[in-house]
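Commentary on secondary and tertiary structure
One letter stands for each residue in the lines below.
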Amino acid sequence: MPDKVAVVGVEPRGHTGTDTDDAAGAELDRRIVLATQGGLPLVARPYAAVAETLGVAEGLVRERLAAMLADGRIRRIGAVPNHYAIGYTANGMSVWDIDADVIDAVGERVGGLDFVTHCYRRPRHLPDWPYNLFAMVHAASREAALERVDEIAARIAAEFPGACRGRDVLFSSGILKKTGLRIGG
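Owing to the predicted nature of the structure, the values given are computational and were not obtained by experimental measurement. (Residues numbered from 1 in each chain as written. Predicted model: local features only at pLDDT ≥ 70, side-chain atom pairs only at ≥ 80, totals over all residues. Heavy atoms only, no water.)

The next subject is the overall build of the protein. On a plain count of helices and strands, the protein comes out with five helices and six strands. Shown N-terminal to C-terminal, the secondary structure of the protein runs as helices and strands in the order β-α-α-α-β-β-α-β-β-α-β. Scored against the burial criterion, the 185 residues of the protein give a buried share of 36%. The contacts of the protein with a sequence gap of at least 6 include a subset with a gap of at least 24, amounting to 72%. Taken as a whole, the protein presents about 10300 Å² of accessible surface, with 54% of it coming from carbon and sulfur. (Helix = DSSP H or I, 4+ residues; strand = E, 2+ residues; numbered from the N terminus. Buried < 20%, exposed > 50% of the residue type's maximum accessible area, 1.4 Å probe, protein only. Contact = heavy atoms within 4.5 Å. Areas by Shrake-Rupley, 256 points an atom, 1.4 Å probe, with all protein chains shown as cover.)

The next subject is the confidence of the model for the protein. For residues with low pLDDT, the predicted coordinates do not support detailed interpretation. Averaged over all residues, the pLDDT of the protein equals 84, while 78% of them reach at least 70. Per-residue pLDDT stays below 50 along residues 1–20; that stretch engages in 65 contacts with residues further than four places along the chain or on separate chains. (pLDDT = per-residue confidence, 0-100.)

All right, on to helix α1 (residues 23–36) then. Across its 14 residues, α1 extends 20 Å between first and last C-alpha, which sits within 8% of the 20 Å expected from 1.5 Å per residue. All of the buried residues along α1 are Gly 25, Leu 28, Asp 29, Ile 32, Val 33 and Thr 36. Projection of α1 onto a plane perpendicular to its axis shows the buried side chains occupying an angular sector of 140°, all on one side. Away from the buried face of α1 by more than 90 degrees, exposed residues Ala 23 and Ala 24 are located. (Expected span 1.5 Å × (residues − 1). Arc of directions from axis to C-beta.)

Further remarks concern the side chain of Asn 132. Topologically, Asn 132 is positioned in the loop between β4 (116–121) and β5 (133–139). Non-local contacts of Asn 132, meaning those with residues more than four positions away in its chain, are made with Trp 96, Asp 97, Ile 98, Ile 103, Tyr 120, Arg 121, Arg 122 and Arg 124.

This part is about the environment of Val 56. Residue placement: Val 56 occurs in the loop between α2 (46–54) and α3 (58–70). Overall, the relative accessible area of 23% leaves Val 56 in the partly exposed class. Residues Val 56 and Leu 28, spaced 28 residues apart in sequence, show a C-alpha to C-alpha distance of 9.3 Å. Filtering out sequence-adjacent residues up to four positions away, Val 56 remains in contact with Leu 28, Ala 51 and Val 61.

Time to look at unusual backbone geometry. For the peptide bond that leads from Leu 126 to Pro 127, omega is 5°, which places it in the cis range. Along the chain, Pro 127 turns up in the loop between β4 and β5.

Inspection of the secondary structure puts Phe 115 in the loop between α4 (103–111) and β4. The class of Phe 115 is buried, set by a relative accessible area of 10%. Separated by 22 residues in the primary sequence, Phe 115 and Val 137 have C-alpha atoms spaced 6.1 Å apart. Leave out the neighbours within four places in its chain, and Phe 115 touches Met 136, Val 137, His 138, Arg 148, Glu 151 and Ile 152.

If you want it as structure tokens, here you go:
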């Protein structure tokens, strides 16, 4: 069960796109962002609850959020689970040195695994940091997390022979506050 459902990656900028593309629409978008940036309410109809708070129709809130997602002002809306509360106490960021010619395909494959919560490409910082693919794995123990990383390695080796030149796992030592960018009222 997530702690909340968050509107993540809010990037306020000039609005482009729907029928209310004017000052009033931009102001409504700002009010929607302010009302949701701390998370959507955990109720059966969260958009209806936001709409009621703002004094507008639920459909309009949905439309405006969809427009902001479509034009990139909001990156995503997703659950932000508390992994410790649901029993995942070993959180390991697996890091991989993957051949640049296949990194996108490897990343898509690894990111599609049900036990990988996020997977992304990052630049290497040679000679100290050869890793260019990161994949977060959560498990109930370090041993279980390492088994999952071994499973990733086996899949990479089978599907992309020779593509992985090295790997490591960095385990969390604490819980970081999970929030996106916040704008002021």
